[in-house]
Amino acid sequence: MSDASLPPALERLARLLGRLPGVGERSAHRLALFVLSQGPQYAQGLGAALHELHDLVRFCEACHHFAQADRCAICADPHRDPALLCVVEDVPDLLAIERSGEYRGLYHVLGGALAPLRGVGPRDLHLDDLVPRIDALQPAEVIVATSISVEGEATASYVQGQLRGRELRLSRIASGVPQGAELEYLDGATVGRALRARTSFGRG
Ligand SMILES: [Zn+2]
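All of these numbers come straight from a predicted model, not from anything done at the bench.

**Describing the nonpolar core**
And then number 1: Counting residues in hydrophobic clusters, the biggest one holds 45 residues, and the most contacted among them are Ile97 and Val142.
And then number 2: Contributing elements (two or more residues each) for this core: strand E3 (81–88), helix H4 (91–100), strand E4 (105–109), helix H5 (130–137), strand E5 (141–144), helix H6 (150–162) and helix H7 (188–196).
And then number 3: Among residues more than four places away in sequence, those in contact with Val142 are Leu85, Val87, Ile134, Leu163, Leu168, Arg169, Leu170 and Ser171.
And then number 4: The next biggest cluster of nonpolar side chains, apart from the first, holds six residues, and it includes Leu10, Leu17, Val23 and Ala32.

**Re a nonpolar patch on the surface**
And then number 1: Nonpolar side chains collect at one region of the surface, where Leu53, Leu56, Val57, Phe59 and Phe66 lie side by side and expose about 440 Å² of accessible area between them.
And then number 2: The residue Leu53 is located in helix H3 (residues 40–56) in this model.
And then number 3: Exposure remark for Leu53: the relative accessible area of 42% places this residue in the partly exposed category.

**Description of the coordination of the zinc ion**
And then number 1: At this site the zinc ion is bound by Cys60 (SG), Cys63 (SG), Cys72 (SG) and Cys75 (SG), with donor distances of 2.3 Å.
And then number 2: Seen from the zinc ion, its four donor atoms lie at angles of 103 to 117 degrees, and the figure they make is tetrahedral.
And then number 3: Expressed as a motif, the donor residue spacing for the zinc ion is C-x2-C-x8-C-x2-C. In this pair, Cys60 sits in the loop between strand E1 (58–59) and strand E2 (66–67) while Cys75 sits in the loop between E2 and E3, placing the two residues 15 residues apart along the sequence.

**Structural notes on empty space enclosed by the protein**
And then number 1: Going through the model one piece at a time under the given rule, you end up with one cavity of 30 Å³ or more.
And then number 2: Around the largest cavity sit Glu89, Asp93, Ala145, Thr146, Ser147, Glu182 and Leu183, which together line it.
And then number 3: Taken together, the residues of the lining of the largest cavity sort by class into two nonpolar, two polar and three charged.

**Some details on the layout of surface pockets**
Unoccupied space between atoms shows up once a probe the size of one water molecule is rolled over them.
And then number 1: There is about 540 Å³ of room inside the largest pocket.
And then number 2: As for the largest pocket, its lining consists of 16 residues, of which Leu13, Leu16, Leu17, Leu46 and Leu50 are closest to the centre.
And then number 3: Broken down by element, the lining of the largest pocket gets its largest block of residues, six residues, from helix H1 (residues 8–17).
And then number 4: Class assignment for the residues of the lining of the largest pocket results in 14 nonpolar, one polar and one charged.
And then number 5: Each pocket or cavity is described by its volume, and for the second largest pocket that value is around 150 Å³.
And then number 6: Lining of the second largest pocket is provided by 14 residues; of these, Glu89, Ala113, Arg118, Ser147 and Glu151 occupy positions nearest its centre.
And then number 7: The residue inventory of the lining of the second largest pocket, partitioned by class, reads three nonpolar, six polar and five charged.

**Quick word on the pattern of salt bridges**
And then number 1: Scanning the entire structure with this criterion turns up ten salt bridges.
And then number 2: A single network of salt bridges, built from pairs that share partners, joins Glu141, Arg169 and Arg198.

Analysis parameters
Residues numbered from 1 in each chain as written. Predicted model: local features only at pLDDT ≥ 70, side-chain atom pairs only at ≥ 80, totals over all residues. Heavy atoms only, no water. Core = buried A, V, L, I, M, F, W, Y, C linked by side-chain atoms within 4.5 Å. Buried < 20%, exposed > 50% of the residue type's maximum accessible area, 1.4 Å probe, protein only. Helix = DSSP H or I, 4+ residues; strand = E, 2+ residues; numbered from the N terminus. Contact = heavy atoms within 4.5 Å. Patch = residues over 30% accessible without salt bridge, like charges linked within 9 Å, V, L, I, M, F, W, Y side chains within 5 Å. Areas by Shrake-Rupley, 256 points an atom, 1.4 Å probe, with all protein chains shown as cover. Salt bridge = Lys/Arg side-chain N within 4 Å of Asp/Glu carboxyl O. Donors = N, O, S within 2.8 Å, 3.2 Å for Na, K, Ca; no water. Tetrahedral: all angles 85-135°; square planar, octahedral: opposite > 155°, others 65-115°. 1 Å grid on protein atoms, 1.4 Å probe; cavity = no way out; pocket = protein on both sides within 12 Å on 5 of 7 lines; lining within 4 Å. Points joined across faces, edges and corners; volume = space filled by probe spheres on them. Nonpolar A, V, L, I, M, F, W, Y, C, P; charged D, E, K, R; others polar.

All we've got here are geometric facts, nothing functional implied.
Given below as structure tokens:
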């Protein structure tokens, strides 16, 4: 991907933009020209935002969502209901549930799903601190919102096994979510319906 007629600085920007998901060569050039057309202030703001990204953003020490302090905005929000804990695979799933506007509890982001065939075991996910966190929070309900796929189901079963014997309601987001679907690609209304229609899969 290069165009010898463009100044190297523009070409470099286009090359970097071309690595973004869904951005092809033509779009990358169009975006680079757009950034240039917006004037120096916009370009500097964009540059500063990118420059600071890794310095400012870290993981929430409680739930592993992205944060700009020790705790993320959700864990730090006193209006969130600590009686509800929703276990998700990744941050885009959390964002999909937030978009539904149906959920006011806390989250636990696993960082993926169990996939023994690909070498992803419990130690590769944030499963080790899930049970201690639940013991500390004592939520009335834990909603397992891992994907409706073989890996998502295996992860849900593992969580269920870990929580056996605890006094809490364990539920599974399922109804309305198509087989194999990932929450992040569903619209807010569908995610909301799936949350409302969650089914109990036993007590802890
Ligand atoms: Zn958090």
